[in-house]
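Below, each chain spelled out in residue letters.
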Amino acid sequence: MSGIGPISQDWEPVVIRKKAPNAAAKRDEKAVNAARRAGAEIESVKKATAGTNKAASSSTSLNTRKLDDETENLAHERVSTDLKKNIMQARMDKKLTQSQLAQMINEKPQIIQEYESGKAIPNQQVISKLERALGVKLRRKK
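Analysis parameters
- Residues numbered from 1 in each chain as written.
- Predicted model: local features only at pLDDT ≥ 70, side-chain atom pairs only at ≥ 80, totals over all residues.
- Heavy atoms only, no water.
- Helix = DSSP H or I, 4+ residues; strand = E, 2+ residues; numbered from the N terminus.
- Salt bridge = Lys/Arg side-chain N within 4 Å of Asp/Glu carboxyl O.
- Buried < 20%, exposed > 50% of the residue type's maximum accessible area, 1.4 Å probe, protein only.
- Axes fitted to C-alpha atoms, helices over the stretch in contact; angles between N-to-C directions.
- Parallel < 35°, antiparallel > 145°, perpendicular 65-115°, else oblique.
- Contact = heavy atoms within 4.5 Å.
- Nonpolar A, V, L, I, M, F, W, Y, C, P; charged D, E, K, R; others polar.
- Polar contact = N/O pair within 3.5 Å; in protein donor to acceptor, adjacent residues only side chain to side chain.

## Focus: unusual backbone geometry
Next, step 1: Of note in the backbone geometry, Lys95 takes a positive phi value of approximately 55 degrees without being a glycine.
Next, step 2: Take Lys95: it is sitting in the loop between helix H5 (81–93) and helix H6 (98–104).
Next, step 3: Positioned with a positive phi, Asn106 is a non-glycine residue whose angle comes to about 60 degrees.
Next, step 4: Within the secondary structure layout, Asn106 lies in the loop between H6 and helix H7 (109–117).

Printed below as a string of structure tokens:
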């Protein structure tokens, strides 16, 4: 401590004040009740769409009508019955399991299962891998 100089204390008062309430705090329920008790004027305005999600759903009625009028069936194309039977038959002829076939073409066993059950959305790359692995032509010309 030697060489630093005399130590002195600062005796001036430090005043700590709360911030003035912002707009959100003025609308707080506590603040409104305190203002009522103090006799201050309170203005309350009811918003038309308060508490609802009207802004997000205002255009929904138009879209809903369009969807109701729409008669087109919007569904993904699935694997044809012929293709799934051909895959299954070729796999059985080679005496392979679904997981062995999947491993041969570097796909998950679930992919083969979906193709054979007809749930898969046809992917030409996967079908061509299956054709090469099984040594048969799976796709037929229409």
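On we go from here.
## A word on the pattern of salt bridges
Next, step 1: Tallying each qualifying case throughout the model produces two salt bridges.
Next, step 2: For Arg91, the salt bridge identified is with Glu116, shortest N-O distance 2.5 Å. A residue pair is termed long-range when its members are at least 10 positions apart, and Arg91 in helix H5 and Glu116 in helix H7 qualify at 25 residues.
Next, step 3: Under the relative-accessibility criterion, Arg91 is labelled buried at 7%.
Next, step 4: As a salt-bridge pair, Glu107 and Lys129 come within 2.9 Å of each other at their nearest N and O atoms. Of this pair, Glu107 sits in the loop between H6 and H7 while Lys129 sits in helix H8 (residues 124–134), and the two are 22 residues apart along the sequence.
Next, step 5: Taking the relative accessible area as the measure of exposure, Lys129 reaches 26% and is therefore partly exposed.

## A few points about the packing of H5 against H7
Next, step 1: Packing of H5 against H7 brings their axes to within 7 Å, and their N-to-C directions diverge by 125 degrees. With respect to H7, the axis of H5 lies oblique. Along the contact surface, H5 presents Lys84, Ile87, Met88 and Arg91, while H7 presents Tyr115, Glu116 and Ser117.
Next, step 2: Of the residues that constitute the contact of H5 with H7, the class distribution is three nonpolar, one polar and three charged.

## Remarks on the environment of Asn123
Next, step 1: Position of Asn123 relative to the elements: it lies in the loop between H7 and H8.
Next, step 2: Spatially, the C-alpha atom of Asn123 lies 9.2 Å from that of Val79, the residues being 44 residues apart in sequence.

## As for the environment of Arg91
Next, step 1: Residues Arg91 and Val136, spaced 45 residues apart in sequence, show a C-alpha to C-alpha distance of 10.0 Å.
Next, step 2: Beyond its immediate stretch of four places on either side in the chain, Arg91 contacts Leu96, Thr97, Gln98, Leu101, Glu116 and Leu134.
Next, step 3: Among the polar contacts made by the side chain of Arg91, one reaches the side chain of Glu116 at a distance of 2.5 Å.

## Considerations on H8
Next, step 1: Restricting attention to buried positions, one finds in H8 the residues Val126, Ile127, Ser128, Leu130, Glu131, Ala133 and Leu134.
Next, step 2: The residue sitting at the N-terminus of H8 and contributing the capping side-chain oxygen is Asn123; that oxygen lies 3.1 Å from the backbone nitrogen of Gln125.
Next, step 3: At the C-terminal side of H8, Gly135 shows a positive phi close to 75 degrees.

## Quick word on the environment of Lys137
Next, step 1: Looking at where Lys137 falls in the secondary structure, it is placed in the segment after H8.
Next, step 2: Between the alpha carbons of Lys137 and Ile127 there is a distance of 9.5 Å; along the sequence they are ten residues apart.

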